[in-house]
Amino acid sequence: MDLAQLLTSLDGRGYGDYKRIRGTHALLLPGSSGHAALDVDRVQVDPFAPPSLTRVRLDRVQTGIPDDLLADRAGRIAAGDFLTRAFARAASARLGGGSSSPRRADRDTPPPILIGTPGQQVLERTSVVFTDAEVDMRITVALPAAGRRIKGRRAASLLCEELPQIVLDALVAPLDLDALRAHVTLYRDQLDLRAQLKSRRLVSFVADGALLPRRSGDSDLPLTDGGVPFRSPDVLKTSFDLPSGRRVSGMGVPEGITVIIGGGYHGKSTLLRAIERGVYPHISGDGREWVLSRPDAVAIRAEDGRSTASVDISPFINDLPSGADTRTFTTTNASGSTSQAANLIEAVEAGASALLIDEDTSATNFMIRDDRMRRLIPAHREPITPFVDRVRALHDERGVSTVLVAGGSGAFFDVADHVIALDAYVPDDVTEQARTIARENDASVREDGASAGCEDPPDQSHPRLHFAVASRVPEAGSLRPADKRKFARARGRATIQYGRDDIDLSAVLQLVDTAQTQAIAHALERLADSIDAQTTLTDAVAALDRLIDDGGLDALSPHPGHPGHLARPRPQEVAAAVNRYRGLRIRG
Ligand code: ADP
Ligand code: MG
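The immediate surroundings of ligand 1 are formed by 13 residues, with V228, Y265, K268, S269 and T270 found nearest. The contact in question runs from an oxygen atom of ligand 1 to an N or O atom on the backbone of H266, over 3.2 Å. Here ligand 1, which alone exposes 560 Å², has 79% of that area covered by the protein. Per-class residue counts for the shell around ligand 1 are 4 nonpolar, 8 polar and 1 charged.

See below:
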């Protein structure tokens, strides 16, 4: 009995009987000489459970994809991304539903066949992978039901007619090889540029002509009209020669301390946000294709209410009125400033070579303290050494650069290597003017200070080597979820359900895709098993990253066959999730 007959014979029976379709079936591709295999790896137990996991495998040769496009990992990632998008479009065109559905009302209901939903970034995914001989497409199917009964005929047409047709539409019949080649070439160029940043001593690159603003606050799509293309200030202009022969020029953001200033609504946050997202390559047409940042750059914000487990925030915070030791700062409810300090230290622990900070989402008392306040509250009565007094040491001692938006305070003029002013979205280098202002201001404050008998010049109250950040060793077992029956899973982009607890990742700004969040959920379970009495958090996370390098993203999943829809998270976001798990305990 073939699959169509089997499904038809199940029509009207209890939903549980769907499990009889588990296994491998032949899938005929109509009007094509080729055929494919359908693996039904996991069958949902009822119509409301997560959809069934199936894979379509077909001969690589049949797709006609030239081998050179799949010869390296970058090529396979980009080609997989391309085919995922093509399949998703074809599925929603045939079945309705999904964002490209012709009917508006259908757009919120997903089509019954899904392959994952890439956004503006190109990420390594489990949706489509290539083996030596095959293209393996990982699909979820919501098996059709009437009440709790099997709709066998509908299932037969879904799996045996519509699915093969979608495969054909997407990958075989009119596969646009030119577009595929362009997609792969762009991605390889982007990775090459990103990899050059370090040796060029740049933190980020924003090309001339880039379009940074988005359509709306809740959309990652480019602004359709009225966008002012980016233009580099002359002083920071640089260019890159890329493997395809392409050359791009624009603004290089150098290592060190860069401050972005400008009037309200002049595009500061938009520029910083683009730099944040630049850790990932973006698809053609996004506007940020040529905005690329060091892959380990981390956006830092205040996050009051988060928990911390034994974080050494003493470079910033000492002598809390509660008497808490800030070298092993542990709390279930951090304040604005202590949360931002913890976020920063954890990012450095996780290997960030650049920090990206926006005044809009910072705790003011963490960032600066003005002269009047310094006079009224002497340093020994103020627990906080503001970031402005530490940012230089962070770079000079630890090699960690900072890109900072600060439109409301000139406090960073003294310590900045570069000051970029945005005027109606157009950047200008104003480093010299800012230095002059800082010098004049300094002189007048010194006179003032002397007459007022002011002690406490900034940055001398603590010895050097503030940033000897050591990686912490979690207590073995503390990473196990409190309730084993409830496994770890993503609930949307920003929440992981972990045992009985929720891990809130809404302040983890560079987590961009729910499939990344799901991958992190699996990563946490693996870390829970792999951490022992000696492993530092950083080493454990790095080992996991190598596991993905060697075994592919599939290696994270506990399920054989179809691994679920996962996208690769950075080690920084994996660490961020561990750090926000309220059950985390550190050996000390
Ligand atoms: P700031 O942080 O300086 O207050 P934002 O970055 O929040 O400003 O930008 C203010 C508004 O301007 C936003 O609606 C943003 O989408 C828009 N915007 C930013 N950059 C551009 C640009 N290059 N062209 C057109 N609009 C832009
Ligand atoms: Mg802003």
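If you trace the backbone, L193 turns up in helix α5 (residues 177-199). For L193, a relative accessible area of 0% translates into the label buried. Sequence separation between L193 and P229 is 36 residues; the distance between their C-alpha atoms is 20 Å. Ignoring sequence-local partners within four residues, the contact set of L193 consists of F205, F240, L242, V248, W290 and L292.

Before going further, it helps to spend a moment on the coordination of the magnesium ion (ligand 2). Around the magnesium ion (ligand 2), the protein contributes the donor atoms S269 (OG) and D360 (OD), which lie 2.1 to 2.2 Å from the metal centre. Here the residue S269 occupies a position in helix α6 (residues 268-277), and D360 occupies one in the loop between β17 (354-358) and α8 (364-367), the gap between them amounting to 91 residues.

The next subject is the sheet that holds strand β11 (residues 247-254). For sheets, the rule is that strands pair by backbone hydrogen bonds, running either parallel or antiparallel. Taking strand neighbours across the sheet as the criterion, the 4 strands line up as β10-β11-β9-β13 in an open arrangement whose pairing is antiparallel. Every interior strand has two partners, whereas the edge strands, β10 (237-241) and β13 (291-293), have only one. Neighbouring strand axes in the sheet, compared pairwise and without regard to direction, differ in orientation by 35° on average. Across 3 bridges, strand β9 (residues 202-207) lies against β13 in antiparallel orientation. Within β13, the residue paired with S204 across the bridge is S293.

Pairing is antiparallel in the open sheet, where 3 strands are placed in the order β21-β22-β23. In this open sheet, the two edge strands, each paired with only one partner strand, are β21 (489-490) and β23 (501-504). Relative to strand β22 (residues 495-498), β21 is paired through 2 bridges, and the arrangement is antiparallel. By the bridge assignment, A490 is partnered in β22 with I496. In this fold helix α12 (residues 514-530) packs onto β21, β22 and β23, with an angle of close to 30° to the strand it touches most, β22.

A separate point is a nonpolar patch on the surface. A surface patch of nonpolar side chains, about 360 Å² in accessible area, is lined by V228, Y265 and Y425. Within the fold, Y425 resides in the loop between β19 (418-423) and β20 (426-429).

Our next topic: the nonpolar core. Among the nonpolar cores identified, the biggest contains 56 residues, and I21, F87, M137 and L163 are the most heavily contacted of them. Within the residue set of this core, elements represented by two or more residues are α1 (3-9), β2 (35-42), β3 (52-59), α3 (73-95), β5 (128-130), β6 (134-141), α4 (152-172) and α5. Excluding its chain neighbours within four sequence positions, the residues that come into contact with L163 are L27, L38, V56, F87, I113, I139 and L158. Core analysis: the second largest hydrophobic core is formed by 44 residues, V348, M367, A393 and L394 among them.

Criteria and thresholds
- Residues numbered from 1 in each chain as written.
- Chains lettered and ligands numbered in written order.
- Predicted model: local features only at pLDDT ≥ 70, side-chain atom pairs only at ≥ 80, totals over all residues.
- Heavy atoms only, no water.
- Near = heavy atom within 4 Å.
- Polar contact = N/O pair within 3.5 Å; in protein donor to acceptor, adjacent residues only side chain to side chain.
- Areas by Shrake-Rupley, 256 points an atom, 1.4 Å probe, with all protein chains shown as cover.
- Nonpolar A, V, L, I, M, F, W, Y, C, P; charged D, E, K, R; others polar.
- Helix = DSSP H or I, 4+ residues; strand = E, 2+ residues; numbered from the N terminus.
- Buried < 20%, exposed > 50% of the residue type's maximum accessible area, 1.4 Å probe, protein only.
- Contact = heavy atoms within 4.5 Å.
- Donors = N, O, S within 2.8 Å, 3.2 Å for Na, K, Ca; no water.
- Pairing = 2+ DSSP bridges.
- Axes fitted to C-alpha atoms, helices over the stretch in contact; angles between N-to-C directions.
- Patch = residues over 30% accessible without salt bridge, like charges linked within 9 Å, V, L, I, M, F, W, Y side chains within 5 Å.
- Salt bridge = Lys/Arg side-chain N within 4 Å of Asp/Glu carboxyl O.
- Core = buried A, V, L, I, M, F, W, Y, C linked by side-chain atoms within 4.5 Å.

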